[in-house]
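Structure at a glance
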Amino acid sequence: MASNIMRPAFAYTVVYVKDVAKSVEFYSRAFGHNVRRLDESHRWGELESGQTTIAFTPRHQHETDDLTGKVQATRSDRERTPIEVCFCYPDVDAAFKRAVENGAVAVSEPEDKEWGQRVGYVRDIDGIVVRIGSHVK
C-alpha cells in the first residue's frame, strides 16, 4: 500500500505584488473570488478559489529577500512574469468583460483554440498575465 506522505495536496499559489490589499480587492472584483483573509498588516491576503488558495504577498520582504532572493518584476509590457494565473469559466466572454470592467488590461480577446478551449488574456494591476478560459472540451 502506497503512503500518502509522497502525495501532498497543492496548497497555495503565491503571487508577489506591489500592494496586497489592492490586489486582493482587484482579483475579488475582476475574477469573482471571495476574500478569505487579508491580515491587518496587509502583507498577506488569500482568496477562496476551490481546493488551492491564491495568496498575495509583497514583492519585497526582509524575511525572504536575503534568504531566497528578490522577486524580479517585468520592465515593460513586452515582458511577462514567469507565472500565468488561469481561471476557467462557463462563459469566457462575460468573464473577460467583467475583468476588463474592473481594471484588468485586455491583452487578447477570447477566441476558440485548436485544443478545444476558448481563451482570452488580460494583465492584472501588477502586469501579471491572467488567462480566462473555458474547460477543454
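Going along each chain's sequence as written, the residues are numbered from 1 onward. pLDDT decides what is reported in this predicted model: residues at 70 or higher carry local features, side-chain atom pairs at 80 or more are listed and counted, and totals for whole chains, interfaces and linings draw on all residues regardless. Side-chain numbers here rest on the full set of heavy atoms in the structure, without hydrogens or water.

In the nomenclature of an unreviewed UniProt entry, the protein is known as VOC domain-containing protein of Brassica cretica.

**Brief notes about the pattern of salt bridges**
The term salt bridge refers to a side-chain nitrogen of Lys or Arg lying within 4 Å of a carboxyl oxygen of Asp or Glu. Applying the stated criterion to the full structure yields twelve salt bridges. The salt bridge involving E46 is made with R37; its shortest N-O contact spans 4.0 Å. Several salt bridges converge on common partners, so that one network encompasses R36, R37, E46 and E48.

**Regarding the nonpolar core**
Membership of the largest hydrophobic core comes to 23 residues, with the highest contact counts inside it found for Y27, F31, F56, F87 and I132. Working definition: helices are DSSP H or I runs of at least four residues, strands are E runs of at least two. Numbering for both runs from the N terminus. Those elements that provide at least two residues to this core are strand 1 (12-17), helix 1 (20-31), strand 4 (53-58), strand 5 (85-88), helix 3 (92-101) and strand 8 (129-133). In terms of residues, this core owes the most to one element, helix 1, which gives six residues. Residue contacts are defined here by distance: any two heavy atoms, one from each residue, within 4.5 Å place the two residues in contact. Once you skip the residues sitting within four places of it in the chain, Y27 turns out to touch G32, H33, L47, F56, V85, F87, D124 and V130. Nonpolar core, defined: a set of buried Ala, Val, Leu, Ile, Met, Phe, Trp, Tyr and Cys residues in which side-chain atoms within 4.5 Å join the residues together. Burial classification: accessible surface area is computed with a 1.4 Å probe over protein chains only, and a residue below 20% of its type maximum counts as buried, one above 50% as exposed, and the rest as partly exposed.

**What about the sheet that holds strand 2 (residues 35-38)?**
Here the rule is simple: two strands pair whenever DSSP picks up at least two bridges between them. Spatially, 1-4-3-2 is the arrangement adopted by the four strands of the open sheet, whose pairing is mixed. Single-partner strands in this sheet number two, and they are strand 1 and strand 2. Looking at each pair of strands side by side, their axes are set apart by 20 degrees on average, direction ignored. Here strand 2 pairs with strand 3 (residues 45-47) via three bridges, running antiparallel. Axis lines are fitted through C-alpha atoms, for helices just across the contact stretch, and the angle between N-to-C directions can take any value from 0 to 180 degrees.

**Some thoughts on the packing of aromatic side chains**
To pair, rings of Phe, Tyr and Trp, with the six-membered ring standing in for Trp, must have centres within 6.5 Å; the planes then decide the type, stacked if under 30 degrees apart, edge-to-face if over 60, and tilted in the middle. By the definition in use, this model includes seven aromatic pairs. Between F26 and F31 the ring centres are 5.8 Å apart and the planes differ by 85 degrees, which places this aromatic pair in the edge-to-face class. The two residues F26 and F31 agree in class, both being buried. Taken together, a centroid distance of 5.1 Å and an interplanar angle of 35 degrees make the contact between F31 and F87 tilted. Linking F31 in helix 1 with F87 in strand 5, this pair joins segments that are 56 residues apart in sequence. Across the pair, F87 and F31 agree in class, each one buried. Members of the aromatic cluster, connected to one another through ring pairs, are F26, Y27, F31, F56 and F87.

**Re the UniProt feature "domain: VOC" (unreviewed entry) in the protein**
UniProt positions are given in the numbering used here, feature names are shortened, and annotations may be inferred rather than shown by experiment. Those places that UniProt annotates as "domain: VOC" (unreviewed entry) correspond, in this numbering, to residues 9-135. Within residues 9-135, the helical portion is 23% and the strand portion 33%, while the C-alpha atoms at the span's ends are 21 Å from each other.

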